[in-house]
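Here's the letter readout for the chains.
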Amino acid sequence: MVVEPEHAPVNGRKRPRPPQPTHREVADELRSRIRSGRLRPGQRMPTQAQLAEEFGVERGTVRQALRILQSERLLTNVSKGSPATVAPDLHGAPDGPPAPPMPTTVALAPRIAEAFAAPHVEIDALCLTSVSLTLAIGEPLRQVHAGRLKPAKVDVRVLLPSRHIDLAFPVPVGGGRAGDPVHERWLAMRNAQGQVLQHNLLSLRATHGVDVRVSFRALPFTPPVKLYLLNGSEALFAYYTLSRRELEIGHEQLEMYDAEGVRSTLFGFDQRGGLRDGVFVKQSRLWFDALWGTISSELLLTS
């Protein structure tokens, strides 16, 4: 048997093999190649088998590294079947948003799906009912159950209005207060959507062994905007725009002021997208953390 020189015995002992690179170290090296231009925008990456051989690691390690770079928008088309591609717009306008503004129903789901490509998924949300978040998170959950995404840890924090305040909206035309039919309809929706979101995420713990934490806290005011923070590096922001509409509640037609959050236009900011975007993401995180740690209170998703 031929003994490789680097592992030949020394004084009767076999020299230990050098430790294999971690998926983060592989991602760091590939990121450096992309940033330096060695891997150009639009260029196809080496296959996962070739990368595994080059770095001396298992293909699973390579896949984890590629998913990190996909979550950072440096790679596209990351899958088991074909080589990934370096994102084509790495050198676009540095101060522009990562994607054109689009309705929440269109923009949120793919951004959250990309966030789930990271080993540790962190999602913070400030919203009125969490309807949009519950809908958007369905796609990455399907991909996890199908084996295409494999996060190890998921942390979700959600800030919602308290049930005890007089909401600014939705409210009956002429004013409303806690306990009126419009308020009770909102409260039922808030609780139901939160429970569905919590149940769907916690199911990953039982089915896939994912370390999942879902937390809710109550705000003492009605948020005029909605905000989603993804993996600490991306902020998605939208205004709640009010309109006057009529709705049947309890067999009674009521006129009310309300906002349809699922149709709100979502603006994206990425901390790697330039100075303006980076500052917006940083300040949004500080704002959310301040609300979470100061004036918010315990929230129970019960009637």
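For clarity, every value in this text was computed on a predicted model and none was experimentally measured. (Residues numbered from 1 in each chain as written. Predicted model: local features only at pLDDT ≥ 70, side-chain atom pairs only at ≥ 80, totals over all residues. Heavy atoms only, no water.)

A. Broad picture of the nonpolar core. Of all hydrophobic cores here, the largest spans 43 residues; its most connected members are Ile112, Phe116, Ile123 and Leu201. Per element, the largest residue contribution to this core is 5 residues, and it comes from helix H7 (residues 181–208). Ignoring anything within four residues of it in the chain, the contact list for Phe116 reads Val121, Ile123, Ile137, Pro140, Leu141, Val144, Leu149, Pro151, Val154, Leu201 and Leu204. Membership of the second largest hydrophobic core comes to 19 residues, among which are Met45, Leu66, Ile68 and Val86. (Core = buried A, V, L, I, M, F, W, Y, C linked by side-chain atoms within 4.5 Å. Buried < 20%, exposed > 50% of the residue type's maximum accessible area, 1.4 Å probe, protein only. Helix = DSSP H or I, 4+ residues; strand = E, 2+ residues; numbered from the N terminus. Contact = heavy atoms within 4.5 Å.)

B. Representation of the sheet that holds strand E8 (residues 171–172) within the structure. Spatially, E8-E13-E12 is the arrangement adopted by the 3 strands of the open sheet, whose pairing is antiparallel. Only two strands of the sheet have a single neighbouring strand rather than two, namely E8 and strand E12 (243–249). Here 7 bridges tie E12 to strand E13 (residues 252–258), and the two strands are oriented antiparallel to one another. For Glu248, the partnering residue across the bridge sits in E13 and is Gln253. Together, E8, E12 and E13 form the strand contacts of H7, whose direction differs from that of E12 by roughly 85 degrees. (Pairing = 2+ DSSP bridges. Axes fitted to C-alpha atoms, helices over the stretch in contact; angles between N-to-C directions.)

C. Seen up close, unusual backbone geometry. Put simply, Phe169 and Pro170 share a cis peptide bond, and its omega is -5 degrees. Along the chain, Pro170 falls in the loop between strand E7 (153–161) and E8. Here the phi dihedral of Asn231 falls at roughly 55 degrees; this positive angle occurs in a residue that is not glycine. Looking at where Asn231 falls in the secondary structure, it is placed in the loop between strand E10 (225–230) and strand E11 (234–239).

D. Structural detail: the sheet that holds strand E6 (residues 120–126). Strand order in the open sheet made by the 8 strands is E5-E14-E11-E10-E6-E7-E9-E15, with mixed pairing throughout. Two strands in the sheet have a free side with no partner beyond their single neighbour: strand E5 (102–103) and strand E15 (297–298). Two elements, strand E9 (residues 211–219) and E15, share 2 bridges in a ladder whose sense is antiparallel. Across the sheet, residue Ala218 finds its bridge partner in E15, namely Ser297. Sitting on the sheet, H7 is in contact with E7 and E9, with an inclination near 165 degrees to E9.

E. Representation of the packing of helix H1 (residues 23–36) against helix H3 (residues 59–71) in the model. Between H1 and H3, the shortest axis-to-axis distance is 8 Å and the interhelical angle comes to 50 degrees. With respect to each other, H1 and H3 are oriented oblique. Classified by chirality, the crossing of H3 by H1 is right-handed. Of H3, the residues touching H1 (which contributes His23, Arg24, Val26, Ala27, Leu30, Arg31 and Ile34) are Thr61, Gln64, Ala65, Leu66, Ile68 and Leu69. (Parallel < 35°, antiparallel > 145°, perpendicular 65-115°, else oblique. Left-handed = near helix turned anticlockwise from the far one by under 90°.)

F. Quick look at the pairing of E7. The buried count for E7 comes to 7 of 9 residues, which makes it a mostly enclosed element. Sheet analysis places E6 next to E7, joined by 7 bridges and oriented parallel. Bridged to Val121 within E7 is Val154. Where E7 meets E9, 9 bridges bridge the pair, whose relative direction is parallel. Across the sheet, Val154 pairs through a bridge with Val212, a residue of E9.

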